[in-house]
Amino acid sequence: MNVVLNGTPKQVSENTTLEVLLRDFGFPERGIAVAVDGSVVPRASWPATGLHPDATVEVLTAVQGG
Amino acid sequence: MDDPLIIAGREFGSRLITGTGGAANLAVLERALIASGTELTTVAMRRADAGGGTGVLELLRRLGIEALPNTAGCRTAAEAVLTAQLAREALGTNWVKLEVVADEDTLLPDPVELLDAAEQLVDRGFVVLAYTNDDPVLALKLEETGCAAVMPLGSPIGTGLGIRNPHNIEMIVSRASVPIVLDAGIGTASDAALAMELGCDAVLLATAVTRAQDPERMAAAMRAAVEAGRLARQAGRIPQRFWAQASSPGRPIG
C-alpha cells in the first residue's frame, strides 16, 4: 500500500507499524515527532500504531530558525 | 544570579534570548551563541530528512543552552497548536515561542489566530511565550490568557528597523505583570539597549547577529547592549530638559 511520508508517496507493506516505517526510512531515533493524519502520535505509541492506505505521516525535527 | 530573568518560575542569568536562524553554518552559530552569553535559544520545527541528523539540537545540548521551539511558518491557530505539540514530543519541553503570522510580506502576527492559539496552548499545559504586535491591548489580552511572557515586535522580522513605536513598548511594559521580551526588528546594539531602557525584561534577536558581517562580534555587542540598557533602566535616567543646565557651579570670574 501507499502512505504519504513528509509529502512523498511511499510503498510499504500492509502491516507496517509506525515504528517500522520510521526505522526503515532511516529517521534518527531521538529529536523527532510524528503526526499521522494531523494528530500527534506519542513515541510510546509508535510500536502499536498501524498505518492505513494513504495515511499521511509527518515527521518533524528541530532545525535552525527563529 | 544577581538580576535574573524569571519566566514561569525559571531563572536565566542572561536577558538575551537568541534565535538560530540565518547563520551560515553551525560553526559560525556556535561562536555567536557563546559570545552572546544566551541561555535560551529558539529553534524551528520542520520536516525531518530521512537519514538526517539533528545538528542544531546537539549543538545546543553541548553548549548547555535551552532550546525554545517556535511555531514559525504557521498561519493558523490549528497549525500552531499541532506544531507546538510536535515540538513538545520531539524536544521534551512544554515551552513554546508562539508565532502565527498573517502573510509573507509583513510576517506580522495575525492577532485573531494568535489569541486563539494562545488560549488552546495554555489550556493544554504549555508555557507560552507569545510573539505579538506592538499593540498594548493585544499584549494585555495575551497576558490575561495565561501567556508566561509577551513578546512585542520592534519592527517586522528581519528588517533591522529597530523599535518603530517606543511609546507602545513603554505602554505594554507599564502595565504588564509577566516578562516583556522585545522580539524582532533589532538591527544593531543601540536598538537592544533601547528596548531594555524602555523597560523590557529581555530581548530576543536572531538576524541582527546571524547575518551580521561578523556574527561573533555582533553577539558580543548585543550582550553588552542588553546589560547596559538594563543597568540604565534600573539607574533611572535624568529627565529631558528644553534648556541647558550647567553641571559646574556659577562662573569662575565676576
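Residues numbered from 1 in each chain as written. Chains lettered and ligands numbered in written order. Predicted model: local features only at pLDDT ≥ 70, side-chain atom pairs only at ≥ 80, totals over all residues.

### Describing the overall build of chain A
- Broken down by element type, chain A carries one helix and five strands.
- Listing the helices and strands of chain A from first to last along the sequence gives β-β-α-β-β-β.
- Taking 66 residues into account, the globule formula puts the C-alpha radius of gyration at 11 Å, and chain A, at 12 Å, falls close to it.
- Overall size of chain A, expressed as C-alpha extent along the three principal axes, is 40 × 25 × 20 Å.
- Buried positions account for 33% of the 66 residues belonging to chain A. (Helix = DSSP H or I, 4+ residues; strand = E, 2+ residues; numbered from the N terminus. Rg over C-alpha atoms; globule rule 2.2 N^0.38 Å. Buried ≥ 20, exposed ≤ 12 C-beta atoms within 10 Å, placed from the backbone.)

### Brief notes about the overall build of chain B
- Counting its regular elements, chain B contains nine helices and 10 strands.
- For a compact globule of 254 residues, the expected C-alpha radius of gyration is about 18 Å, and chain B comes in at 19 Å, within 12% of that figure.
- Here the analysis covers contacts within chain B between residues at least 6 apart in sequence; of these, 62% occur between residues at least 24 apart. (Contact = placed C-beta atoms within 7 Å.)

### Quick word on the UniProt feature "active site" (unreviewed entry) in chain B
- Under the UniProt annotation, the feature "active site" (unreviewed entry) is placed at Lys97 of chain B.
- With residues near it in sequence (within four places) discarded, Lys97 of chain B still touches Gly66 of chain A together with Thr42, Leu68, Asn70, Leu129 and Tyr131 of chain B. (UniProt positions renumbered as here; feature names shortened; annotations may be inferred.)

### Focus on the interface of chain B and chain A
- If you look at the interface, chain B gives 31 residues, while chain A gives 22 residues.
- Listed by contribution, the elements that provide at least two residues to the side of chain B that touches chain A are strand S4 (40–47), helix H2 (55–63), strand S5 (66–69) and helix H3 (77–91) of chain B.
- Looking at side-chain class alone, the side of chain B that touches chain A contains 17 nonpolar, 10 polar and four charged residues.
- Pairing geometry for strand S5 (residues 56–64) of chain A and S4 of chain B, over five bridges, is antiparallel. In the sheet register, Thr61 of chain A faces S4 of chain B, and the bridge partner there is Arg46 of chain B. (Nonpolar A, V, L, I, M, F, W, Y, C, P; charged D, E, K, R; others polar. Pairing = 2+ DSSP bridges.)

### A look at helix H6 (residues 166–174) of chain B
All names here are of chain B.
- Those residues of H6 that sit buried are Ile169, Ile172 and Val173. Buried residues of H6, viewed axially, fall in a sector of 95°; they line one side. Facing away from the buried side of H6, by more than 90 degrees, are the exposed residues His167 and Ser174.
- Looking at the packing, one finds that the buried side of H6 touches helix H5 (136–145), strand S8 (149–152) and strand S9 (181–183). (Arc of directions from axis to C-beta.)

### Description of the UniProt feature "binding site: 1-deoxy-D-xylulose 5-phosphate" (unreviewed entry) in chain B
- When the UniProt feature table is mapped onto this chain numbering, "binding site: 1-deoxy-D-xylulose 5-phosphate" (unreviewed entry) sits at Gly158, Ala184, Gly185, Ala206 and Thr207 of chain B. These annotated residues cover 50 residues of sequence, but their C-alpha atoms sit close together, with the largest distance between any two at 9.4 Å.
- Residue position: Gly185 of chain B is located in the loop between S9 and helix H7 (189–197).
- You can call Gly185 of chain B buried: it has 24 C-beta atoms within 10 Å.
- Among the secondary structure elements, Ala206 of chain B is positioned in the loop between strand S10 (202–205) and helix H8 (207–210).
- Take Ala206 of chain B: there are 25 C-beta atoms within 10 Å of it, and that puts it in the buried class.
- Once residues lying within four places of it in the same chain are set aside, the contact partners of Ala206 of chain B are Gly66 of chain A together with Thr18, Gly19, Thr20, Gly21 and Gly22 of chain B.

### Regarding the packing of helix H4 (residues 111–123) of chain B against H5 of chain B
All names here are of chain B.
- The N-to-C vectors of H4 and H5 enclose an angle of 15°; their axes lie 9 Å apart at closest approach. Here H4 lies roughly parallel to H5, going by the angle between them. By crossing handedness, the relation of H4 to H5 is classed as right-handed. Along its contact with H4, which presents Pro111, Leu115, Ala118, Glu119 and Val122, the element H5 presents Leu138, Lys141, Leu142 and Thr145. (Axes fitted to C-alpha atoms, helices over the stretch in contact; angles between N-to-C directions. Parallel < 35°, antiparallel > 145°, perpendicular 65-115°, else oblique. Left-handed = near helix turned anticlockwise from the far one by under 90°.)

### What to know about the confidence of the model for chain B
- On average, chain B scores 95 in pLDDT, and the residues at 70 or more come to 98%.
- In the predicted complex, the global pTM is 0.91; the interface-specific ipTM is 0.89. (pLDDT = per-residue confidence, 0-100.)

### Considering the nonpolar core
- In terms of nonpolar packing, the biggest core is built from 100 residues, with Leu98, Ala130, Val181, Cys200, Val203 and Met222 of chain B touching the most fellow members.
- In terms of residue count, the dominant contributor to this core is H3 of chain B (nine residues). (Core = buried A, V, L, I, M, F, W, Y, C linked by C-beta atoms within 7 Å.)

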